[in-house]
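So the chains spell out like this:
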Amino acid sequence: MLTKLRFLAVLLLLPLVGQAAEFDLNQLLVQLAQTRSARATFTEKQYIGLIDKPLESSGELAYAAPGRLEKRTLQPKAEALLLDGGTLTVERGNRRHVLKLQDYPEAAAFIDSIRATLAGDRRALETAYRTELDGRFERWTLQLTPLSNKMLAKVSRVRINGARTDLRQIEIVQTDGDRSVMSIDKAAQ
């Protein structure tokens, strides 16, 4: 009787084992690409070698597929970053700067790590990064290591933690040891 129960348990668990083994970057990116828009709040801590305590900021994030990202910092000082296609607009106080990403290829590669992940654009992601995915769809970690020596001289890695189609944390580690950690909470829609 015990042998039959074990055999039955193995049969019941086999599909789960198969599902866990099948989770890969393609599956994750296909699922992420299904999200056409999202809003969230964030808290970001920047750990800078010359400062004892991390710099903390918080605000709101918005994404609209395929290429619009907005980061609106509310604390401690208001600032807005709007990425729309190949244009980045930065607003601080009464100042407004408009930058073409094509003029800043290293910044463009970094920004595309987030945008390509959200859009599920594997080609764009693998153009600039070596990718490594760990975990399951319910809880995953995507590590991105820059391919370009110029970018690698500034950023050693980007690690994105998520659960299903929600990005939960983005950590950027610079080559000099400074790093930032952005924790993301999905806002009510």
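Below, the structure is looked at part by part. (Residues numbered from 1 in each chain as written. Predicted model: local features only at pLDDT ≥ 70, side-chain atom pairs only at ≥ 80, totals over all residues. Heavy atoms only, no water.)

## Quick look at the pairing of strand β4 (residues 79-84)
Stage number 1. Bridge count between strand β3 (residues 68-75) and β4: six bridges; the pairing is antiparallel. What sits directly across from Lys-71, in β4, is Leu-81.
Stage number 2. The hairpin formed by β3 and β4 contains three residues between the paired strands.
Stage number 3. In the sheet, β4 pairs with strand β5 (residues 87-92) via six bridges, with the strands oriented antiparallel. Following the sheet pairing, Ala-80 is matched in β5 by Glu-91.
Stage number 4. Taken together, β4 and the strand that follows it, β5, pair antiparallel across an intervening segment of two residues, in which Gly-85 is found at a positive phi of about 65°. (Pairing = 2+ DSSP bridges. Helix = DSSP H or I, 4+ residues; strand = E, 2+ residues; numbered from the N terminus.)

## Brief notes about the packing of aromatic side chains
Stage number 1. One pass over the full model with this rule turns up one aromatic pair.
Stage number 2. Cation over ring: Arg-179 sits above Tyr-47, and NZ or CZ is 4.3 Å from the ring centre. (Phe/Tyr/Trp six-rings, centres within 6.5 Å; stacked < 30°, edge-to-face > 60°. Lys NZ or Arg CZ within 6 Å of the ring centre and 35° of its normal.)

## Some remarks on the sheet that holds strand β7 (residues 129-136)
Stage number 1. Overall, antiparallel pairing links the 11 strands, which are arranged β6-β5-β4-β3-β2-β1-β11-β10-β9-β8-β7 in an open sheet. Two strands in the sheet have a free side with no partner beyond their single neighbour: β6 (95-100) and β7. Within this sheet the neighbouring strands show an average axis-to-axis angle of 15°, counted without direction.
Stage number 2. Inspection of the sheet shows strand β9 (residues 155-163) paired to strand β10 (residues 166-174) by eight bridges, in the antiparallel sense. Bridge pairing links Arg-159 to Glu-171 in β10.
Stage number 3. Contacting β2 (55-64), β3, β4, β5, β7, β8 (139-146), β9 and β10, helix α3 (residues 105-119) runs over the sheet at an angle of about 20° to β9. (Axes fitted to C-alpha atoms, helices over the stretch in contact; angles between N-to-C directions. Contact = heavy atoms within 4.5 Å.)

These figures capture arrangement, not role.
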